[in-house]
Protein chains: 2
Amino acid sequence: MTTTAPPAARWLTDDQQRAWRAYLLGSAVLSERLDAQLRDHGLDLAEYEILVTLSESADRQLRMAELADAVHQSRSRLTHTVTRMEKRGLIERSTCPVDRRGVWANLTDAGYRLLEDAAPSHVECVRRNFVDAVDDADLEAVGRVFRAVVATSQD
Amino acid sequence: MTTTAPPAARWLTDDQQRAWRAYLLGSAVLSERLDAQLRDHGLDLAEYEILVTLSESADRQLRMAELADAVHQSRSRLTHTVTRMEKRGLIERSTCPVDRRGVWANLTDAGYRLLEDAAPSHVECVRRNFVDAVDDADLEAVGRVFRAVVATSQD
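Quick summary incoming for the structure in this document. If you're wondering where the values come from, they're calculated on a predicted model, not measured in any experiment.

Reading guide: rules and limits
- Residue numbers run consecutively from 1 along every chain, following the written order of its sequence.
- As a convention, the first chain written is A and the first ligand written is 1, with the rest following in written order.
- Side-chain atom pairs in this predicted model are given and counted only at pLDDT of 80 or more, local residue features only at pLDDT of at least 70, and totals for whole chains, interfaces and linings cover all residues.
- To get the side-chain values, all heavy atoms of the structure are used, and hydrogens and water are removed first.
- Accessibility here uses a 1.4 Å probe with only protein chains present; expressed as a share of the type maximum, an area under 20% marks a residue as buried, one over 50% as exposed, and anything in between as partly exposed.
- To qualify as a helix, a DSSP run of H or I must reach at least 4 residues; to qualify as a strand, a run of E must reach at least 2; elements of each kind are numbered from the N terminus.
- DSSP bridges decide pairing: two strands pair if at least two such bridges lie between them.
- Take the buried residues of types Ala, Val, Leu, Ile, Met, Phe, Trp, Tyr and Cys, join any two whose side-chain atoms come within 4.5 Å, and each joined set is a nonpolar core.
- We call two residues contacting when some pair of their heavy atoms lies within 4.5 Å.
- Working definition: a ring pair exists when centres of Phe, Tyr or Trp rings (six-membered ring for Trp) sit within 6.5 Å. Plane angles under 30 degrees give stacked, over 60 give edge-to-face, the rest tilted.
- A ring is considered to have a charge above it if a Lys NZ or an Arg CZ atom is located within 6 Å of its centre and within 35 degrees of its normal.

**Here's the deal with the pairing of strand 3 (residues 104-107) of chain A**
Residues and elements named next belong to chain A. Every second residue of strand 3 is oriented toward a common face, with W104 and N106 on one face and A105 and L107 on the other, all of them buried. Bridge count between strand 1 (residues 61-63) and strand 3: 3 bridges; the pairing is antiparallel. Its bridge partner being in strand 3, Q61 is matched across the sheet by N106. Sheet topology note: the strand 2 (residues 91-94)/strand 3 ladder contains 4 bridges and is antiparallel. Each residue of the ladder has a partner; that of R93, found in strand 3, is A105.

**Points about the nonpolar core**
Of all hydrophobic cores here, the largest spans 84 residues; its most connected members are F130(A), F146(A), F130(B) and F146(B). Setting aside anything within four residues of it in sequence, one finds F130(B) in contact with W20(A), V145(A), F146(A), V149(A), L30(B), L139(B) and V142(B).

**A look at the packing of aromatic side chains**
Counted under the stated rule, the structure contains 12 aromatic pairs over all chains. With a centroid separation of 5.5 Å and 45° between ring planes, the pair formed by Y23(A) and F146(A) is classed as tilted. Taken together, the positions of Y23(A) in helix 1 (residues 14-38) and F146(A) in helix 6 (residues 136-151) put the pair 123 residues apart, joining distant regions of the chain. Residue Y23(A) is classed as buried on the basis of its relative accessible area of 2%. A relative accessible area of 0% places F146(A) in the buried class. Members of the aromatic cluster, connected to one another through ring pairs, are W20(A), Y23(A), F130(A), F146(A), W20(B), Y23(B), F130(B) and F146(B). Above the ring of Y112(A), the side-chain terminus of R60(A) is found at 3.6 Å from the ring centroid.

This is the structure in structure tokens:
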């Protein structure tokens, strides 16, 4: 029987570390600025994403499970957020009497109006802090990188 | 007196929107995977960043205000996190008897050992899901983009 030493850690190179840390800091800064701006409309970024996703869905509604996938929130966190938004009249939950598979989340007219109110200044904030701050080729690279992240096999 | 219509919203182009949404989804996916991996060590990414930052500071300690800036957390959130970590014996807080400006956070030996234990598999997770999943030029672009985000004037 032979014993094998555990593989040495493959530390990041200096260049990789610099890029990784810039991302960690920059994404935290960006989230904070977007949240701060949306607070003017009583929203945070997660709630805004839920409004956008429902507004683009057929009949402005989605099953909770589909909504969780679309906005990449855990079911428990999404339930918590949607409950809060339902109390404010932005979303209604319902169970279809014919198809009982799961609960649906429906965007209300008030929810749609709030999205319409919030969208222009939110998009302006995304532009100022992100899209307009970088050149087109780098923006394209960001898209490529994060699509690759999502596609990474977890086996 | 003239009245001026509010400026029309400058919506994102399709290409910009694609990149922005890839980032929103990809960064959520990435955070979730890193948190899930660090959970094996009883940590989340925010706590890991605190351990790293203190481990690299002189005497493994920093003022709470400096630590908040370094890991880009609000003071209230950091206080909450550090309190939790202090209860686990990973960090100690102290006030310097000579220089009373603020509270210091000190990394304990137990905190340093936990970081040493957690680091190799965390870095492997960062490699698998991010660094090794993209090519060098795109990684460099990500660094450039998020440095530009941080540098964006908020005036």
